[in-house]
Amino acid sequence: MSIDLKLDKTGDAVTVSVTGDIDMSSSTKMRDALAPLFQNNNKVVVVDLSGVSYIDSSGIATLVEGLQWSHNSKNKFRLAALSPGVKDVFEIARLLTVFEVFETKEQALAP
Amino acid sequence: MTQPIKLSIPGNPKYLGLIRKVLQELLDNHDVPDDTARRLILCVDEACANVIKHSYEGPCEEPIEATFTIEGNDFKVQIRDYGKQCDIGQIKPRDLKDIKPGGLGTHFMNEIMDEVSYCTNRANGTLLTMIKKLKTGLTTTQDKGDG
């Protein structure tokens with residue numbers, strides 16, 4: 001199973017919209033897309049998860065890596081539009097309060 | 001359901017979606033609530049991913065055999081592999097206060113399922129058995145403490 005990734009740059013923010021199941025077979029693709037974004041001049045990196053109904057521990061691990069990259073590069077890293085299933089996995093992992101989480105992509109992009 | 005449902009997939013991440021779909025269909029057929037079904041599917045997916053990562057040490061053609069049984073209130077899944085046997089004493093969830101990538105799969109299984117046991121008493125591989133009582137509803141993180 002694969003995921004689709006769409007990058008949308010607006011000013012100094014970039015949004016990565018993910019569609020599909022994020023699991024062991026697809027999380028590497030998301031990691032490869034996210035990693036370079038923290039090396040460019042993107043002040044805000046938003047991951048739009050509205051198209052994701054399933055995420056496993058490898059997907060969560062990739063997003064935790066993104067958080068670490070953002071700390072190192074002093075960029076903001078935000079998650080948007082978590083489905084109930086995805087939010088539940090973050091809650092079980094006790095990570096929901098660790099990330100900046102927004103209801104919508106637009107809210108995540110607001111200064 | 002007295003007859004177990006058995007599914008064998010190659011030890012390759014690209015087949016994890018297949019096992020999730022089959023289990024979703026089975027749980028739908030038994031009217032398992034969506035939120036419970038999602039969590040059970042997560043546990044099975046994580047168990048299979050661990051087999052690929054640790055027992056088979058990467059994608060391969062060796063089998064992962066999943067057996068699902070719903071009997072009374074109990075959902076039981078057994079995951080059999082034929083790879084490197086795990087050191088049962090080493091399988092434990094990590095400290096969640098340490099925010100770092102990885103190591104969450106075992107935590108998910110222990111947090112969600114009522115019973116998780118590993119059996120290596122065989123010539124090769126491991127048999128993982130996980131049981132969840134369906135009628136007690138979801139076990140919240142508060143119910144089980146910090147794991």
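Look a little higher up for the structure.
Note that the coordinates shown come from a computational prediction; the quantities given were computed from them, not determined experimentally. Along every chain, residues carry numbers that run from 1 in the direction the sequence is written. The naming scheme follows written order: chains are lettered A onward, ligands numbered 1 onward. Note on the predicted model: pLDDT of at least 70 is required for a residue's local features to be given, and 80 or more for side-chain atom pairs to be given and counted; whole-chain, interface and lining totals, by contrast, use all residues. The basis for every side-chain value is the complete set of heavy atoms in the structure, and neither hydrogens nor water enter the calculation.

## Looking at the overall build of chain B
- Secondary structure is summarised from DSSP: a helix means a run of H or I of at least four residues, a strand means a run of E of at least two, and numbering begins at the N terminus for each. When you go through chain B residue by residue, the secondary structure sums to four helices and five strands.
- What you see in chain B, going N to C, is helices and strands ordered as β-α-α-β-β-α-β-β-α.
- Computed over its C-alpha atoms, the radius of gyration of chain B comes to 15 Å, within 12% of the 15 Å expected for a compact globule of 147 residues.
- Structurally, chain B occupies a C-alpha span of about 40 × 35 × 30 Å along its principal axes.
- Relative accessible area decides the class of each residue, using a 1.4 Å probe on protein chains only: under 20% of the type maximum gives buried, over 50% gives exposed, and in between gives partly exposed. Counting only residues that meet the buried cut, chain B has 46% of its 147 residues in that class. Our radius of gyration is a C-alpha quantity, and the globule rule it is checked against amounts to 2.2 Å times the number of residues to the power 0.38.

## Some points on the environment of I5 of chain B
Residues and elements named next belong to chain B.
- Mapped onto the elements, I5 comes out in strand 1 (residues 5-10).
- For I5, a relative accessible area of 33% corresponds to the partly exposed category.
- Along the chain, I5 and L23 lie 18 residues apart, while their C-alpha atoms are 9.3 Å from each other.
- The contact criterion used is simple: two residues touch if any of their non-hydrogen atoms lie within 4.5 Å. Each residue touching I5, except ones within four places of it in the same chain, is listed here: L26, A66, T67 and F68.

## Points about unusual backbone geometry
Residues and elements named next belong to chain B.
- Positive phi values are uncommon outside glycine, yet D31 reaches one of about 55 degrees.
- Within the secondary structure layout, D31 lies in the loop between helix 1 (16-29) and helix 2 (34-55).
- Its relative accessible area of 67% is what places D31 among the exposed residues.
- Although it is not a glycine, E57 adopts a positive phi angle of roughly 55 degrees.
- Within the secondary structure layout, E57 lies in the loop between helix 2 and strand 2 (63-71).
- A relative accessible area of 56% places E57 in the exposed class.

## Quick word on the interface of chain B and chain A
- Each partner contributes residues to the interface: chain B has 30 residues there, and chain A has 24 residues.
- Overall, the association of chain B and chain A removes approximately 2,100 Å² of surface from exposure, summing both partners, and the carbon and sulfur fraction of that is 64%.
- When two parts are put together, the accessible area they lose, computed with a 1.4 Å probe and summed over both, is reported as buried area. Its largest share of buried area at the contact with chain A, chain B owes to R20, I99 and P101 of chain B, together 25% of the area lost on that side.
- R39 of chain B serves as the salt-bridge partner of D88 of chain A, at 2.8 Å between the closest nitrogen and oxygen. Salt bridge criterion: a side-chain nitrogen from Lys or Arg within 4 Å of a carboxyl oxygen from Asp or Glu.

## Points about the sheet that holds strand 5 (residues 127-133) of chain B
Residues and elements named next belong to chain B.
- Two strands are said to pair when DSSP picks up at least two bridges between them. If you trace the five strands from one edge of the open sheet to the other, you get 1-2-3-5-4, paired in antiparallel fashion. A single partner strand is all that each edge strand has here, and the edge strands are strand 1 and strand 4 (115-119). Strand after strand, the sheet turns through a mean of 15 degrees between neighbouring axes, direction not considered.
- Pairing geometry for strand 1 and strand 2, over six bridges, is antiparallel. Directly across from P10, in strand 2, lies its bridge partner P63. The axes used here are C-alpha line fits, helices contributing only the stretch in contact, and every angle between their N-to-C directions lies in the interval 0 to 180 degrees.

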